[in-house]
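# Commentary on secondary and tertiary structure
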Amino acid sequence: MTLLEVHCLSRDFTVRGFFGRGNKILRAVDDVSFSVAEAEILGIVGETGSGKSTLAKMIAGIQQPSSGWVSLSGEIVASRDLKLAKPVRAKLQYIYQDPSASLDPRWTLKRSLHEPLVTHTDLSPQLREEKILKLMADLELPSALLDRYPHEVSGGQQRRVGLARVLLLAPKFVIFDEPTSGLDVLVQAAVLKLLRDLRQEFGLTYLFISHDITVVSSICDRVAVMHNGSIVEIGPVNEVLVNPKHPHTRALLAASLRIGGARLTDDPPAPRERET
Ligand SMILES: Nc1ncnc2c1ncn2[C@@H]1O[C@H](COP(=O)(O)OP(=O)(O)OP(=O)(O)O)[C@@H](O)[C@H]1O
């Protein structure tokens, strides 16, 4: 059954010229459509600047689309004119690339974990505490960490606290933006295992953005390949990565193999700009 539908989604940015002259429009995401089934993991790959994060942020309601819409369980959750209601936001969560971005450095982890429950639920302090402690145990986070600040725990622990903040709200759909970047291989494997287990336990559906084709192939059911703001190929991971049809997918795979499956490329795509 379809959980998320993305319909003809586009996003333009105005790029300012020198001294306010010759402004240009950059189309970061160009008429993208796809759907994600319940409990499916869809990967989005593409070189830097291809529009992955902009697409993800529009789906999450963090950035406004220029046109098109997104629906979750048949309810429109993002469109040019829509201001999101809190309960809908809680069902659809975005996990930032940088784990520290979701944690306020001035707050203890305890405060960071209570905050989403205070904002989105009516739970008593006692029930909030119980919920937090149970989830921390599930994520193998010792409760002794609660009184620490983000800089006093490891990068892997910061990620898991960021994840806990999201899971506390019992979302249906979670968007991960480069969840394993900057982690060493062992921690990366542990995070991927955790994400698989969480999908199993909570019946979650993921959109999984990554430069890393190896990571995508190990966790995703389907993959979409982005290039210059468009999806150029989408299908089951085994088909797309084993038998790619689009020349850009073949180039991404070749680049990935050359550099051991890590970052696909650092070359930004040619900008597609027009004068306004
Ligand atoms: N706020 C903004 N203002 C102007 N241009 C932007 C803005 N945000 C993104 N862009 C441009 O939109 C294009 C797509 O950017 P986006 O961050 O979505 O790419 P990405 O595929 O996620 O890249 P990366 O893998 O490096 O994170 C890029 O050309 C980028 O420079």
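Residues numbered from 1 in each chain as written. Predicted model: local features only at pLDDT ≥ 70, side-chain atom pairs only at ≥ 80, totals over all residues.

### Quick word on the sheet that holds strand E9 (residues 222-227)
Backbone-to-backbone hydrogen bonds join strands into a sheet, with any given pair of strands oriented parallel or antiparallel. One open sheet holds the six strands; their spatial order is E6-E7-E8-E3-E9-E10, and the pairing between them is mixed. Here the strands that pair on one side only, and so sit at the sheet edges, are strand E6 (92-95) and strand E10 (230-236). The average undirected angle you get between the axes of adjacent strands in this sheet is 15 degrees. Where strand E3 (residues 41-46) and strand E8 (residues 205-209) come together, four bridges link them in parallel fashion. Looking at the pairing, Ile 41 lines up with Tyr 206 of E8. Where helix H1 (residues 52-59) meets the sheet, it contacts E3, E6, strand E7 (173-177), E8 and E9, and its direction lies at approximately 155 degrees from that of E8. (Pairing = 2+ DSSP bridges. Helix = DSSP H or I, 4+ residues; strand = E, 2+ residues; numbered from the N terminus. Axes fitted to C-alpha atoms, helices over the stretch in contact; angles between N-to-C directions. Contact = placed C-beta atoms within 7 Å.)

### Brief notes about the environment of Ile 219
One can find Ile 219 in helix H7 (residues 213-219). Spatially, the C-alpha atom of Ile 219 lies 36 Å from that of Gln 126, the residues being 93 residues apart in sequence. Beyond its immediate stretch of four places on either side in the chain, Ile 219 contacts Ile 41, Leu 192, Leu 195, Arg 196 and Phe 208.

### Looking at the site of the ligand
In the neighbourhood of the ligand, the contacting residues comprise Phe 13, Val 15, Leu 26, Ala 28, Gly 46, Thr 48, Gly 49, Ser 50, Gly 51, Lys 52, Ser 53 and Thr 54. Looking at the shell around the ligand element by element, the count peaks at three residues for H1. Grouping the amino acids of the shell around the ligand by side-chain chemistry returns four nonpolar, seven polar and one charged. (Near = placed C-beta within 6 Å. Nonpolar A, V, L, I, M, F, W, Y, C, P; charged D, E, K, R; others polar.)

### As for the environment of Ser 35
Mapped onto the elements of the fold, Ser 35 is located in strand E2 (residues 24-37). For Ser 35, a count of 13 C-beta atoms within 10 Å gives the class partly exposed. Distance from Ser 35 to Leu 253, taken between C-alpha atoms, is 24 Å for residues 218 residues apart in sequence. For Ser 35, the residues in contact, after removing those within four places along its chain, are Thr 2, Leu 4 and Glu 5. (Buried ≥ 20, exposed ≤ 12 C-beta atoms within 10 Å, placed from the backbone.)

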